Structure formats: structure tokens, C-alpha cells
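# Architecture and fold: a report
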Amino acid sequence: MQTFTLIFIIFLIASALTRLWLSYRQVKHIQSHRDQVPEAFAEKIPLEDHQKAADYSTVKLKFGRLGLILEVVLLLLWTLGGGLNTLDIWWQGFALSPVWTGIAVILSLTILMSLLDLPLSLYSTFVIEERFGFNKMTAKIWAIDLFKSSLLMLVLGVPLIAVILWLMNQAGDFWWLYAWSVWTAFSLFMIWAFPAFIAPLFNKFSALEEGSLKNRIESLLQRCGFTSQGVFIVDGSKRSAHGNAYFTGFGNNKRIVFYDTLLESLSEDEVEAVLAHELGHFKRNHIKKSLVLSIVMTLVGFATLAWLMNSDWFYSSLGIDNPSTHTALMLFMFIMPIFTFFITPLFSAMSRKHEFEADDFAKQQSDYRDLVSALVSMYRENASTLTPDPIHSMFYDSHPPASIRINHLETSS
């Protein structure tokens, strides 16, 4: 067994066992607190809703273990099991150009992986989400969404893959720098295009109607110095009962979006407080910081790939007989999550810090009690657990646990 093969197996096993351990911890902790609402929420959330959240989280976690096992098995089959190698050899038999061979291998691999993941996706949507009253999607909407997303992948993804593979084959030693530039430009374009051209393909966006809520929101935006294309309501209830609010786009193409389900469950005071929190992310430059971090990490990723693709052991250690640019790209995409898994807590911690900062900003622009009541309502409506395991939360959670976040709002100056 080659050295890198052994390293890959060790990291794969370590990450999988850690994920399973964290899942078991989370389930045990949630279930041990299932029969009593935390004191901070005792007067705000009924026991029945608390138990629903505990059961919902438990079912998703247990189902996630099945997905994890399938993920590990398929990763081993595609790499050490020779799956990617077999697929590559089959396409090599058509004697296409290197770029078109790469496109064919990557597309066929993507389709196969999507088909293998399809049963889990269907079960999650039409069984688990349905069981807890969250799924509103019909089979027709699901099929149309699948068709549209597949078409977008072809229209947008194939040209991008073609350019990246061409650069890997033709641009010399610094191909990775050019490829990173193309990827960055494409990512920025997608952020800009998403709100105006892509999201409307899947959902209906309506401008917020005239009235007191719109007046309050416009006043808040003016105080915060935030300009956008407008405030929109998305028909999220067409697919799910979950509620949310978010910013999308950048530059002059920014939009503020509220799920219709969220507006139905919150008062105007609470909506204003939630928006103030989201504006806090903008004012504290969290979006820019996250974007810059992503761009830097992508640069490191392309530089690492450039080094690996010139190393014969990289291919042979992972089941590839004939090295090529497209197999190097796919192998890198396969193993990157395994080797970066253990830095997940760092990004989670950064995200939680940003949430605290956005809450602090919201307190300056609105009554913190409105944000607290809005958060409680969102926890209840989305069946979010109030009692996460501390270690699981530290590892994964992008938002602080409910009790810690609300305590911060109520006690921080």
C-alpha cells in the first residue's frame, strides 16, 4: 500500500468516525432534554413544540448517518475501488480531445452520483419533511426543479468546466492562477446574477406592498445607509413551511428577501428587528470578509491541485492508471472535504462571532426584545432544537445555540 493511500484511508476513517460520534452525542443530548423545555423558554415555547423539535432533529441526524455511510462507501468505490478509473478508460475509448473527454467524464460522474443520491433526497423531502409538516412540495414541482437545475448545470457548468480543463492542459505552469481568476470571476457573476435571473426561475418574488411595514423597513434601510433593488417576498411556502430572510446579490443588484412563511409568523416589530440583524452582517462587512476568505481558499486549492497533478503518486494512490487533468480535478474534489474536515470548527466559530456582532448591531437599531421574540418564534416554527450538544454545536453550528444567543442579547451592553 502506498503512503498516500494509507494517509487517505486514515483521514477518511477519522473524519467518518468523528462525524458519527458527533451525531450520537447530539441525539443523546437532545433526547435527554426532550421532556423539559429549557427554563429560558419555558413561558414561550410549549412542551409539545419542544418535543417536536427534538424528534425532528433526532430523525434527521439518524437519517444523516445512513447518508454518511453511503458517502464513504461510494468515495472508496470511485477512488480505490477503481470506479473513476473505469469510467475514464471507457470515455478514452471514444478518442475525443482531452477537454471533451474531461467534460464527458465529469458530467457522467455527476449524473451517476446524483442518481445514487436521489433516493435519500426523495426520502428526506417526501417522508421526513412531510412527517413533521414542513414539506409543501409536490412531485410535479420537484420534477420541474430537477429539470431546471440540470439545465442550468449544463448551460453554466459545461462552459466553466471546459475553460478550466483547457487552462489545465494549455496554459503552462501558471494555469492554476488563470483558472483561479476565471473561477473567481464566475463566482462573482453568479452572486450578481442569482437574485435577478436565476432565483426567479424557481420562485416568485413580489415587491413588498405599500404600508406601515414597508415604511418602517425603508426608514431602517435609510438609517443604515443600505441601498438595494428593493424588498421582496418569496413564495417559500410553495416548497416548505420553514421560514427565513436573507440578502442576495451585490453592488447595485442587492435584494432583501423575506419568506412569506416568515412574514406570516412575525409582527412588524419582529420583522424590523430581524432585518436589523441582517443589516448588521452588511454593516460589519461579514459578507465581504466571507467572500474574500472564500477567494483566498480557492486560490490555495488551485495551487495545491497544480502541485498534486504533477505527482504520479497522487493518481496511483487513488486508483487511477492513466493520469489526466480531469481525473486530477475529480480526485481533488473527492478528497478535499476529507482533509479539510477538521478545520470546520474554525469556520463555525467565525460564523458564530459574526452572528453575535450582527445581533449587537440590531440592538442599536431596534428593540432587542423584538429580536428575541422573533428568534423564539423562528425556533418554534422551524423546529430548531433548543438543547444542542455543546461539542456538536462547537463543531458545526454557524449560529450560537438558542439559549446562549438570547442571553447575549439580554445581557450585553
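Structure: above.
Here the structure is a predicted model, which means the values were calculated and not measured.

### A short note on the pattern of salt bridges
Within the structure shown, the criterion is met by 16 salt bridges. Across the salt bridge formed by R25 and D389, the nearest N and O atoms sit 2.9 Å from each other. Pair noted here: R25 is in helix 1 (residues 3-32) and D389 is in the loop between helix 14 (368-381) and helix 15 (390-396), with a separation of 364 residues, a long-range link. In this structure R25 comes out as partly exposed when scored by relative accessible area, which is 28%. Note that D269 is salt-bridged to R216, the shortest N-O span being 2.5 Å. Taken together, the positions of D269 in helix 9 (residues 268-283) and R216 in helix 7 (residues 212-224) put the pair 53 residues apart, joining distant regions of the chain. Judged by relative accessible area, which is 32%, D269 ranks as partly exposed. One continuous salt-bridge network, built from bridges that share partners, spans R216, R223, E268, D269 and E272.

### Topic: the sheet that holds strand 1 (residues 205-207)
Pairing in this open sheet of four strands is mixed, and the strands run 1-2-4-3 from one edge to the other. The open sheet has two edge strands with one neighbour each: strand 1 and strand 3 (245-248). On average, each strand axis in the sheet is inclined to that of its neighbour by 35 degrees, with strand direction left out of account. Taken together, the four bridges between strand 2 (residues 231-234) and strand 4 (residues 255-259) define a ladder with parallel strand orientation. Its bridge partner lying in strand 4, V231 is registered against I256.

### Focus on the packing of aromatic side chains
Considering all chains together, one arrives at 21 aromatic pairs under this definition. Ring plane angle 85 degrees and centroid distance 6.5 Å describe the contact between F41 and Y379, whose orientation is recorded as edge-to-face. Residue F41 is found in the loop between helix 1 and helix 2 (47-78), and its partner Y379 is found in helix 14; the two are separated by 338 residues along the sequence. Like Y379, F41 is buried. Seen from their ring centres, W307 and W313 are 5.7 Å apart, and the 65 degrees between their planes marks the pair as edge-to-face. Judged by its relative accessible area of 54%, W307 falls in the exposed class. Three or more aromatic residues joined by ring pairs make a cluster, and in this case those are F4, F11, W307, W313, F314, Y315 and F339. Residue placement shows K52 over the ring face of F134; its charged tip is 4.8 Å from the ring centre. Against the face of Y24 rests R65, its NZ or CZ located 3.6 Å from the ring centre.

Analysis parameters
Position numbers for residues count from 1 along each chain, tracking the sequence in the order it is written. Predicted model: local features are reported for residues with pLDDT of at least 70 only, side-chain atom pairs are reported and counted for 80 or more only, and whole-chain, interface and lining totals are derived from all residues. Side-chain descriptors were evaluated using all non-hydrogen atoms of the structure, hydrogens and water having been removed beforehand. In the sections that follow, a salt bridge refers to a side-chain nitrogen of Lys or Arg positioned within 4 Å of a carboxyl oxygen of Asp or Glu. Strands are runs of DSSP state E lasting at least 2 residues, helices are runs of H or I lasting at least 4, and numbering of each runs from the N terminus. Each residue is assigned to one of three classes by its accessible area relative to the maximum for its type, calculated with a 1.4 Å probe on protein chains only: buried under 20%, partly exposed between the two thresholds, exposed over 50%. Think of it this way: DSSP has to see at least two bridges between two strands before they count as a pair. Helix axes use the C-alpha atoms of the stretch in contact, all axes being lines fitted to C-alpha atoms, and the angles between their N-to-C directions lie in the range 0 to 180 degrees. Each aromatic pair joins two rings of Phe, Tyr and Trp (for Trp, the six-membered one) with centres within 6.5 Å, and gets the label stacked for planes under 30 degrees apart, edge-to-face for over 60, and tilted for any other angle. Think of it as a cone above the ring: NZ of Lys or CZ of Arg counts as a charge over the ring if it is within 6 Å of the ring centre and within 35 degrees of the ring normal.

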